[in-house]
Structure formats: C-alpha cells, structure tokens
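# Commentary on secondary and tertiary structure
Single-letter residue listing:
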Amino acid sequence: KAVSAQAGANATICEGESYLLSDAEAANYLNIGWNTNGSGTFSNSQALNPEYFPSSSDYTLGCVTLELTAQPVNPCLNGVVDNLQLCFQSPPTVVAGTDVSLCEGESYNLSDASAYYYSNLLWESNGDGTFDNESTVNPTYTPGPIDLNVQTVTLTVTVSAIDPCTGIEFDEIQISIQPKPIANAGDDATIPEDESFTNTDASVIN
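Figured I'd write up the structure that's included with this text.

Reading guide: rules and limits
Residues numbered from 1 in each chain as written. Predicted model: local features only at pLDDT ≥ 70, side-chain atom pairs only at ≥ 80, totals over all residues. Heavy atoms only, no water. Helix = DSSP H or I, 4+ residues; strand = E, 2+ residues; numbered from the N terminus. Rg over C-alpha atoms; globule rule 2.2 N^0.38 Å. Buried < 20%, exposed > 50% of the residue type's maximum accessible area, 1.4 Å probe, protein only. Contact = heavy atoms within 4.5 Å. Areas by Shrake-Rupley, 256 points an atom, 1.4 Å probe, with all protein chains shown as cover. Phe/Tyr/Trp six-rings, centres within 6.5 Å; stacked < 30°, edge-to-face > 60°.

## Digging into the overall build of the protein chain
- Helices and strands together make up the secondary structure of the protein chain, namely two helices and 20 strands.
- The C-alpha radius of gyration of the protein chain comes to 33 Å, more than 25% above the 17 Å expected for a compact globule of 206 residues.
- Taken along its principal axes, the extent of the C-alpha atoms in the protein chain is 130 × 25 × 20 Å.
- The 206 residues of the protein chain split such that 31% are buried.
- Here the analysis covers contacts within the protein chain between residues at least 6 apart in sequence; of these, 56% occur between residues at least 24 apart.
- Accessible surface for the protein chain amounts to roughly 12,200 Å². Of this, 46% is attributable to carbon and sulfur atoms.

## Quick notes on the packing of aromatic side chains
- For the coordinates displayed, the defined rule picks out six aromatic pairs.
- Ring plane angle 80 degrees and centroid distance 5.3 Å describe the contact between Tyr59 and Phe88, whose orientation is recorded as edge-to-face. One end of the pair, Tyr59, is in helix α1 (residues 56–61); the other, Phe88, is in strand β9 (residues 80–89), with 29 residues separating them in the sequence.
- In this structure Tyr59 comes out as partly exposed when scored by relative accessible area, which is 22%.
- Ring centres of Tyr116 and Tyr117 lie 6.4 Å apart, and the angle between their planes is 50 degrees; this geometry places the pair in the tilted category.

## Describing the environment of Phe197
- Within the element layout of this structure, Phe197 appears in the loop between β19 (182–184) and β20 (203–205).
- Distance from Phe197 to Asn10, taken between C-alpha atoms, is 90 Å for residues 187 residues apart in sequence.
- Once residues within four sequence positions are removed from consideration, Phe197 is found in contact with Ala189 and Ile191.

This is the structure in structure tokens:
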C-alpha cells in the first residue's frame, strides 16, 4: 500500500509553551522524520507524535513550519511530505507609568502607560475619582473629593491575555495630590493714628 502522512492542523500556542504533535498520523511507512524551518527542537524527530520546543528565534519569526516526511516500504518508491504552521501568541504586558504629584484641581493624563498583547484592559482607582475612559491605555483621571482629602490615590491597570495564553497582568501608579495654598490676612482693623498694628489673625496653610 502507498505511504500516507498528515502533520495535523495549524496551531497557535502561547510563548513559553511546547507543542505536542498529537494530531499527526502516518501509515504504511518505513520511517518518518520531522523538520522545521525554525530553530526549535523536537523531543524525538523520528517519532510520529513528538513534542516541539520553540526557540526564542521562533518567537521572533512569529510562526514556523513543522514538516513531517514519511518514507515508503519497498517496493513503493514515493515518500509523502506534509506540514503544519505553528504560530506563537505573546503573553500580555502592561506598565502603568511613573508615580506623580498633582496640584489640587488638576487632572492627570496617563500618557506614560503602555500595554501590549491583551484582549481586555481596565483601569481602577482605590479612591473616588473618575476616568474619562477606563478601557483605554492612556485615559485621563480626575481626582474626587476623597482623593483630595486623603491626598493620595492608587490607580491600577489590569490586562487579560489573548487566547491561547491565559491569566492577567497588572501594574500600579500612585498619584499624590498637593492642596492649594490658602492665605487669610485676618479681619479689617482700625487703630489710632499714632499706634502701630500687630496682625495676630493672619494664617497660611499648604
């Protein structure tokens, strides 16, 4: 009978994982072998269902081809080659930015924040301020009354992985809020023409 071989369906795995070629099939062969245009390694390149371990260069390529070759049994002469494409999904990364200080009454645009390879993104505050869009990478945050009273607030950004990667990543940024200065010169006063005036009611804060 003629030799037959199927490498299996194309697949995508998360970076850092290996791939078991469990869908590969072959029949009526003398021997088989696996090759790749990448630089990863097989647990056993002569086995029908080996495990493939990608290299860092494979991740740079984005996808590699895994090729299965089956050699026929005599007197058949023609071997069979089949392949599949194995692609790699990067896990999510997120940076909230650098801690900052604001003056009371100011809002803050989170322009230093960055996120990559995510399916969902959400900003949250441990205070009572508001985001103009909590689902975007670089929203603007406006502190609320409690934030101003406490004079500090922590903002957390969380991202979810893209399938087949799983899990979440998060990062935080702390905003310190400096109250505006307040000055009180004191009450108006009237003194005799020949006397000096000592202001005991004046006060300043912040």
